[in-house]
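Overview (structure and organization)
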Amino acid sequence: NALIDRQTLVDVALAGAAVPTAVTPANLPRACAPDSVCSASAEVPDDALAGVEASILIYNSDPALAAIAQLIQQQLEAAGAEIELESVDDGTFGERVYVAQPGDFDIALSWFAGYGDASIVTSWWNPETAFFNVGFTQAHDDLSEAIVAAQGLEPGAERAEALQTVCDLADEYAEM
């Protein structure tokens, strides 16, 4: 997370037609800003990924993913990694990411809909309720409890603080 420059992804890969986001969709009220999580200000050595070899898996029905993957490849390689891009059809992507146990990938790119409330998408960080991500995430009691707590609050400052806790924990675990 600390090595990915989300603003560059928006500016270059998406031609400025988006807003950088953290866990909660940035366009919704009280959402977590990507610069508010720990990884945004983490100090990362220039050679943090020296010797790391990995691939980025994308599905080829969404051309934006190829552009995003190329930029992430460049950003990770700048930290010393050797990154291969792998583009597959949607069925192969789904099999390798959502069906295989464990998932058959190093890094997989996709996206979530934001729906109508900043708390809805947070459920996806708990594999015991989301189910689709059991092959590549772990259940974390503190994160799962934070998700439930935030979802139970009315809109306002207390809920925004609770959502920030969810964002911070999801960023710390960095599985998704």
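Cut-offs used in this document
Residues numbered from 1 in each chain as written. Predicted model: local features only at pLDDT ≥ 70, side-chain atom pairs only at ≥ 80, totals over all residues. Heavy atoms only, no water. Disulfide = S-S within 2.5 Å. Helix = DSSP H or I, 4+ residues; strand = E, 2+ residues; numbered from the N terminus. Buried < 20%, exposed > 50% of the residue type's maximum accessible area, 1.4 Å probe, protein only. Arc of directions from axis to C-beta. Contact = heavy atoms within 4.5 Å. Core = buried A, V, L, I, M, F, W, Y, C linked by side-chain atoms within 4.5 Å. Pairing = 2+ DSSP bridges. Right-handed = clockwise from strand over helix to strand, strands pointing away.

**A short note on the state of the cysteines**
- Per the counting criterion, the structure on display carries one disulfide.
- Two residues share a disulfide in this structure: Cys32 and Cys167, whose sulfurs sit 2.1 Å from each other. The sign of the 90 degrees torsion about the S-S bond sets the Cys32-Cys167 disulfide as right-handed. In this pair, Cys32 sits in the loop between helix H1 (6-13) and strand E1 (53-59) while Cys167 sits in helix H6 (residues 157-173), placing the two residues 135 residues apart along the sequence.
- For the unlinked cysteine Cys38, the closest cysteine sulfur is that of Cys167, found at 11 Å.

**Concerning helix H5 (residues 141-151)**
- Burial in H5 covers these residues: Leu143, Ser144, Ala146, Ile147 and Ala150. Around the axis of H5, the buried residues are gathered within 160 degrees of arc, so they sit on the same side. The exposed set on the far side of H5, more than 90 degrees from its buried face, consists of Asp141, Glu145 and Val148.
- Tucked inside the fold, the buried residues of H5 contact H6.

**Focus on the nonpolar core**
- The biggest cluster of nonpolar side chains holds 19 residues, and the ones touching the most others in it are Ile56, Ile58, Ile68, Ile72, Ile83, Phe93 and Leu109.
- Elements supplying a minimum of two residues to this core: H1, E1, helix H2 (63-77), strand E2 (82-88) and helix H3 (90-99).
- Here the element with the most residues in this core is H2; it accounts for six residues.
- Sequence-distant contacts of Ile58, defined by excluding residues within four places in its chain, comprise Leu65, Ala66, Ala69, Glu86, Ser87, Val88, Phe93 and Leu109.
- By size, the runner-up hydrophobic cluster in this structure holds 17 residues, among which are Ala146, Ile147, Val166 and Leu169.

**Topic: the environment of Val121**
- Mapped onto the elements, Val121 comes out in the loop between strand E3 (107-108) and helix H4 (127-130).
- Between the C-alpha atoms of Val121 and Pro25, which are 96 residues apart in sequence, the distance is 8.1 Å.
- Look past the residues within four positions of Val121 in its chain and what remains in contact with it is Val23, Thr24, Pro25, Phe112 and Ala113.

**Side note on the pairing of E1**
- The buried count for E1 comes to six of seven residues, which makes it a mostly enclosed element.
- Where E1 meets E2, seven bridges bridge the pair, whose relative direction is parallel. Its bridge partner being in E2, Ile56 is matched across the sheet by Leu85.
- Assessed by its sense of winding, the connection that carries the chain from E1 through H2 to E2 is right-handed.

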